[in-house]
Amino acid sequence: MPHKVGFVVVSSSGHEDGFSARELMIHAPTVSGWRSPRFCQFPQEIVLQMVERCRIRKLQLLAHQYMISSKIEFYISESLPDYFVPYQAERFRRLGYVSLCDNEKTGCKARELKSVYVDAVGQFLKLIFHQNHLNKYNIYNQVALVAINIIGDPADFSNESNLTSREKLMDHYLGHSPEDPALEGTYVGRSDYISPLDDLAFDMYQDPEVAQIIRRLDERKREAVQRERYDHAKKLKQAIADLHKVGERLGRYEVEKRCAVEKEDYDLAKEKKQQMACYRAQVYEQLALHGLLQGEPEVQKPPSLPLQPLARASSPHCRQPVPSLPRPGEMDPENRPTDPLLQEQPASHVLTPSPRRSAADQPPPATGPSPRSPVEALPYDERPLPATRKQPGVSAEPEASEADASDARGGGLAGEPEPLTEKALREAGATIDALGETLVAGAYSKTWSFREDALLALYKKLTEMPAGTPKEDAKNTLRAAVFLIHRAIKDVVTSVFQVSLKLLKMLVTQYIPKHKLGKLETAHCVERTVPGLLARTGDSCTRLRIAASNFIQELALCEEVRALQMVPTYLVQPLKPSCSARLAMSQMDLLARLLRDLGTEGTGFSVDSVMRFAVSALEHRVYEVRETAVRVILDMYAQHQALVLEFLPPDDSSTRRNLLYKTIFEGFARIDGRPTGAETRAQKKAATEEAEKRKKEEIKVLQGQLAALKEIQAEAEEKESDAEKPRNQDSPARKAAPPDAPEVPDSHYLDNLCIFCGERSEAFTEEGLDLHYWKHCLMLTRCSHCRQVVEIASLTEHLLTECDSKEAFGKCYRCSEAVPKEELPRHIKAKACNPARSEKLANRCPLCHENFPPGEEAWKVHLMGPSGCTMNLRRTQPKALAPQQGKGPTVAKSGTSGPKAGSKIPTPKGGLHKSSSRTYTKR
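Each value, and the rule that gives it
Residues numbered from 1 in each chain as written. Predicted model: local features only at pLDDT ≥ 70, side-chain atom pairs only at ≥ 80, totals over all residues. Heavy atoms only, no water. Patch = residues over 30% accessible without salt bridge, like charges linked within 9 Å, V, L, I, M, F, W, Y side chains within 5 Å. Areas by Shrake-Rupley, 256 points an atom, 1.4 Å probe, with all protein chains shown as cover. Salt bridge = Lys/Arg side-chain N within 4 Å of Asp/Glu carboxyl O. Lys, Arg positive; Asp, Glu negative; His and termini not counted. Charge placed at Lys NZ, Arg CZ, Asp CG, Glu CD. Helix = DSSP H or I, 4+ residues; strand = E, 2+ residues; numbered from the N terminus. Buried < 20%, exposed > 50% of the residue type's maximum accessible area, 1.4 Å probe, protein only. Phe/Tyr/Trp six-rings, centres within 6.5 Å; stacked < 30°, edge-to-face > 60°. pLDDT = per-residue confidence, 0-100. Contact = heavy atoms within 4.5 Å. Axes fitted to C-alpha atoms, helices over the stretch in contact; angles between N-to-C directions. Parallel < 35°, antiparallel > 145°, perpendicular 65-115°, else oblique. Left-handed = near helix turned anticlockwise from the far one by under 90°. Nonpolar A, V, L, I, M, F, W, Y, C, P; charged D, E, K, R; others polar.

A. Main features of a negative patch on the surface. A grouping of Glu690, Glu697, Glu698, Glu856 and Glu857 is seen on the molecular surface, where their side chains present a negatively charged patch. Among the secondary structure elements, those contributing two or more residues to the negative patch are helix 21 (677-730) and helix 25 (856-864). Per-element accounting of the negative patch gives the leading share, three residues, to helix 21. Along the chain, Glu857 turns up in helix 25. The exposure class assigned to Glu857 is partly exposed, which follows from its relative accessible area of 42%.

In structure tokens, the structure reads:
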């Protein structure tokens, strides 16, 4: 049975300091491997000597991520030439060569594991490295090899000797043969079976100490199977599976410890060391508890890995090997004798220091048919593979990072994806008929590079399809391509996802118009792909999320798709309660962007659907979603004011307690050019302060006028008394005569005077003034709702704040007048009212709805003048204005008084009287 063959390095053409070829003798997660000297001459050579003469069955090479040789040749020999004689070509027989990928596809961030099958006998193996691939990281033109693995059989050890005579006799009587398919799952099922424990990937992932324990347990498991101790074999099998995870975790800790030491972060290195020791002790304690370490020597980790050949403990020179358990279905026609030329498995296997792929995408470590290793069951985050040591002087060296394996796994020929499963064949039957099984198998492959290559091949095939292709064939091909795109949109690999977007764009913009397939096929493309793309806008990867969102926007703006008006209908679907925050934010942001680009006229966006979606989004738990919904509502209001208001609650104090609605209504005010609530309050405050200031100034002026009048009156009385003294002395009878020009004392100035219109009359007694206020004063009117007498100038304020029916009125933001609430929406929608101006610029008449100059005198002119308000019904009998109105008080002889004390009268704007109420009620 083929097994790992140990070797030593005999010679090499050169190496860089610290990267000797002897490093190839060690397989562990932290090995650095061999590097050629800087700016070396090519070719470079390495000669290996195997521990015994053997028949080589398989070679595995782990290449560097950017120091990559373009070609590696293999030579084999039975013995080396004499020391002083130059190497002779005839002494080494050429097996062939392998070509390595330039690694541009992964950006030089992944290592390639090349597995090739050979059939050659010898003890010395020579590798010749040719010119390196050029890239920006390999500035010294070096080539490197991280690890090499040789698997073979002893040349003088026949396969027939593996079976004892007793076993042969049993097989004869039982009718078994070595090729019996029933025995494929046992250790005698196939003589060419290669154990997964001998694969290079096993050693490169595993902690060396744990790897040795796994090998010992595997041998004990085979012995238990031979003795038919199946319960014990089952127990050992489970322990081996668990130890695979343990070894990989310890290997990862070792890599992290080495990185910390290189960065001189010794605290982290100490922490990792303690973590490893603690974890290792726990695992060994569990193994000892279950009796799995019985008979094992005490496991102690050596301080450093010795540079010695990788000899197999079960070498035939020591004892007969115990074959390992093969898996069913692993008979391989490729293990027949080969030609002298090397039979290469050209597929590559990528190993990375910090992989992140899922277990489904990670193929097993060897090409061709090999059993599935338990390593594959682990997620990529749990797979510790070391980053290469940083090259001194190279600051731009990339770290080996995630990449899928490109080996074909689990069956299939070299360089081809694995065959389709029965489920895949049933699912993709129509697609296989249209595109072929090979392409579909690539799209279904577990290896990301095969999936990407399949989509690129499909892209090329569709672009090269002639325009004269029958429509039915073109239609079937399109639907098959959409099926694969629908699957690729869900792919977690970024490059596969981006290729699917590229292919979808080509179908919509080029393929369908070229073959004239019509809108029905375009609609089919959108229906099958847009829901998946919307789901990807909630992806945890920011790059995928942005790419999906931008592509949906680009697709919606595409002329062929825009005419269908389909994409907007997906965006206004209500957000589900279980919807993730990222998905909700992306959907809202995409809706806002497309609304600005498309609008709502014939685009699939309707005011009804958008507003329902936006209003429901106001209740979302995520702040960013609510904020974007407010932005969408404001954008809609700028285009459809009246329709938007129908979906929102009324703008009142209770609604504005909600901060979102307060923001929305203040945004409406800014759009309309109206002051916001804060601005209105500031204006009212400023106006109140200005009115108080004017009132104080007016009172001060009037007080000055009164004082001047009193002085004039006193002087006049003094002069009159001085002039009358002689008369009174001459004619005492004149004392009883009234004066020729009686004057009214200042205390009786407001008698017989209407303080609103300024009219003075002898009939204005207490009852006369009541009648005048109630029926005749041109500055007053009666409220038709509460029957109170109010000033016409304050009628609007009365209806909104003081009237018994004030709840039935609302204020129009255009004309600033009181309008019944049931008529307010129609009033606002009609926009027929005359817009009001600022109070500082104009007064507003609530009767005729006209604007006129500001000031108190302007109200008298408008309401009492001959060309004034035409809607003032009390002007049917015009009243003459008082000759001295507006010019201060005059002295009157009348001794009658004004309205009775305690009665409710309106307060004139700017007048001298101040009452607790602005209304007058007839008793």
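B. Region of the structure containing the packing of aromatic side chains. Tallying each qualifying case throughout the model produces eight aromatic pairs. For the ring pair Phe39 and Tyr140, a centre distance of 5.6 Å and an interplane angle of 85° mean the geometry is edge-to-face. Of the two residues, Phe39 is situated in the loop between strand 3 (34-35) and strand 4 (44-63) and Tyr140 in the loop between strand 7 (111-129) and strand 8 (144-154); the sequence distance between them amounts to 101 residues. Since its relative accessible area comes to 56%, Phe39 is described here as exposed. Accessibility expressed as a relative area gives 15% for Tyr140, which makes it buried. Between Tyr253 and Tyr279 the ring centres are 6.4 Å apart and the planes differ by 75°, which places this aromatic pair in the edge-to-face class. On the criterion of sequence distance, the pair formed by Tyr253 in helix 4 (residues 230-262) and Tyr279 in helix 5 (residues 266-289) is long-range, its members being 26 residues apart. The exposure classification of Tyr253 matches that of Tyr279, with both residues buried. In textbook terms, an aromatic cluster arises when at least three aromatic residues are bridged by ring pairs, as seen for Tyr637, Phe665 and Phe668.

C. Region of the structure containing the confidence of the model for the protein chain. Taken as a whole, the protein chain shows an average pLDDT of 75; of its residues, 74% reach a score of 70 or greater. Of all helices and strands in the protein chain, the one with the weakest mean pLDDT is strand 9 (residues 343-351) (36), whereas strand 3 scores best (93). Every residue in residues 178-189 scores below 50 in pLDDT, and together they form 28 contacts with partners more than four places removed in sequence or on other chains. Note that pLDDT drops below 50 for residues 295-414; the model gives that stretch 360 contacts with residues more than four away or on any other chain.

D. Structural context of the packing of helix 3 (residues 208-226) against helix 4. Look at helix 3 against helix 4: their axes get within 9 Å of each other, and the N-to-C directions meet at 165°. It follows from the interaxial angle that helix 3 and helix 4 lie roughly antiparallel. Crossing handedness for the pair helix 3 and helix 4: left-handed. Contacts between helix 3 and helix 4 involve Val210, Ile213, Ile214, Leu217, Asp218, Arg220, Lys221, Ala224 and Val225 on the former and, on the latter, Tyr230, His232, Ala233, Leu236, Lys237, Ala239, Ile240, Leu243, His244, Gly247 and Leu250. In terms of residue class, the contact of helix 3 with helix 4 is built from 13 nonpolar, three polar and four charged.

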